[in-house]
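Take a look at the letters that make up each chain.
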Amino acid sequence: SQQGEEDPQALSIQEGENATMNCSYKTSINNLQWYRQNSGRGLVHLILIRSNEREKHSGRLRVTLDTSKKSSSLLITASRAADTASYFCATDSGTPLVFGKGTRLSVIA
Amino acid sequence: DAGITQSPRHKVTETGTPVTLRCHQTENHRYMYWYRQDPGHGLRLIHYSYGVKDTDKGEVSDGYSVSRSKTEDFLLTLESATSSQTSVYFCAISLAGGTGELFFGEGSRLTVL
């Protein structure tokens, strides 16, 4: 069964806008990871946030984690057409990573 | 890019035939995984391996078997393919097991007619 659930399922924004995706999960975690998948390609790791961290940055990416609410968010600032992809959260609870169903982001130039 | 090669990349087969997908890595990572990706379901774990000859089942292991006789190769076998096994199959590797990031192959698209 899916541990993480992303919201929204699909998101369409204009280039230059910020994109926010959310992930909710059910059980306690060691860390939470975000991955990106371009159409027809494999997933690529973006960022990992540990359970004792609240926020992490990597370039235009900002990830937050609220363990009390069992939720995480991924913010992509100043989006570009090249950011068009599906984004997945994955939770580590001491077993192999469990992935959510993903958010499909479309950035319109 | 992590050295992960999946083969074949595309395969069309008929119901009831056996199919083997191969994942080959050049990274010497201990952990290897097979996931399947289907619309509306995201990625689901089929089987994984934590060393040579050490494997375990994932969420959707029924109808699949795996083997790992060498560190670099992880084989996924469908003994008798069914239409419900039409999917895109992804191999992934990691150095640190469940606590580390996964590196994914490019996927194998399997169609069972």
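Our subject is the structure that appears above.
Here is a short report on the structure shown in this document. Keep in mind that this is a model prediction, so the values were computed, not measured.

A word on the overall build of chain B
Alright, step 1. Along the backbone of chain B there are zero helices and eleven strands.
Alright, step 2. Start at the N end of chain B and walk to the C end: the helices and strands fall as β-β-β-β-β-β-β-β-β-β-β.
Alright, step 3. Radius of gyration (C-alpha) of chain B: 13 Å, near the 13 Å computed for a compact globule of 113 residues.
Alright, step 4. Seen along its three principal axes, the alpha-carbon backbone of chain B occupies a region of about 35 × 30 × 25 Å.

A word on the interface of chain B and chain A
Interfaces are frequently sized by the accessible area removed from exposure as the parts join.
Alright, step 1. In this complex, chain B contributes 20 residues to the contact, which on the side of chain A involves 20 residues.
Alright, step 2. For the pairing of chain B and chain A, the buried interface totals around 1,600 Å² over both sides, and the portion due to carbon and sulfur atoms is 51%.
Alright, step 3. Summed over the shared surface of chain B and chain A, the result is one salt bridge.
Alright, step 4. A salt bridge links E106 of chain B to R41 of chain A; its shortest N-O distance comes to 2.4 Å.
Alright, step 5. Here chain B and chain A share six residue pairs in polar contact (both at pLDDT 80 or more) between them.
Alright, step 6. Looking at the side of chain B that touches chain A, the elements with two or more residues in it are strand 4 (31-38) and strand 5 (42-51) of chain B.
Alright, step 7. Take the side of chain B that touches chain A: its biggest share by element is five residues, from strand 5 of chain B.

Notes on the environment of I47 of chain A
Alright, step 1. You can see I47 of chain A is positioned in strand 5 (residues 43-50).
Alright, step 2. When the C-alpha atoms of I47 of chain A and L61 of chain A are compared, they prove to be 8.4 Å apart, with 14 residues separating the residues in sequence.

Details of the packing of aromatic side chains
Alright, step 1. Counted according to the given criterion, the structure contains ten aromatic pairs over all chains.
Alright, step 2. Site record: aromatic cluster; members linked through ring pairs are Y35 and F99 of chain A together with Y33, Y35, Y48, Y50, F90 and F104 of chain B.

Topic: the layout of surface pockets
Alright, step 1. Taken as a whole, the largest pocket encloses approximately 760 Å³ of empty space.
Alright, step 2. Lining the largest pocket we find 34 residues, and of these Q37 and S86 of chain A together with Q37, D38 and P39 of chain B sit closest to its centre.
Alright, step 3. When contributions to the lining of the largest pocket are tallied by element, the ones reaching two or more residues are strand 9 (85-92) and strand 11 (103-108) of chain A together with strand 4, strand 9 (87-94) and strand 11 (108-112) of chain B.
Alright, step 4. Residue classes in the lining of the largest pocket are distributed as seven nonpolar, 20 polar and seven charged.

Calculation criteria
- Residues numbered from 1 in each chain as written.
- Chains lettered and ligands numbered in written order.
- Predicted model: local features only at pLDDT ≥ 70, side-chain atom pairs only at ≥ 80, totals over all residues.
- Heavy atoms only, no water.
- Helix = DSSP H or I, 4+ residues; strand = E, 2+ residues; numbered from the N terminus.
- Rg over C-alpha atoms; globule rule 2.2 N^0.38 Å.
- Contact = heavy atoms within 4.5 Å.
- Buried area = accessible area lost by both parts, 1.4 Å probe.
- Salt bridge = Lys/Arg side-chain N within 4 Å of Asp/Glu carboxyl O.
- Polar contact = N/O pair within 3.5 Å; in protein donor to acceptor, adjacent residues only side chain to side chain.
- Phe/Tyr/Trp six-rings, centres within 6.5 Å; stacked < 30°, edge-to-face > 60°.
- 1 Å grid on protein atoms, 1.4 Å probe; cavity = no way out; pocket = protein on both sides within 12 Å on 5 of 7 lines; lining within 4 Å.
- Points joined across faces, edges and corners; volume = space filled by probe spheres on them.
- Nonpolar A, V, L, I, M, F, W, Y, C, P; charged D, E, K, R; others polar.

Take it as geometry only, folks, not as evidence of what the structure does.
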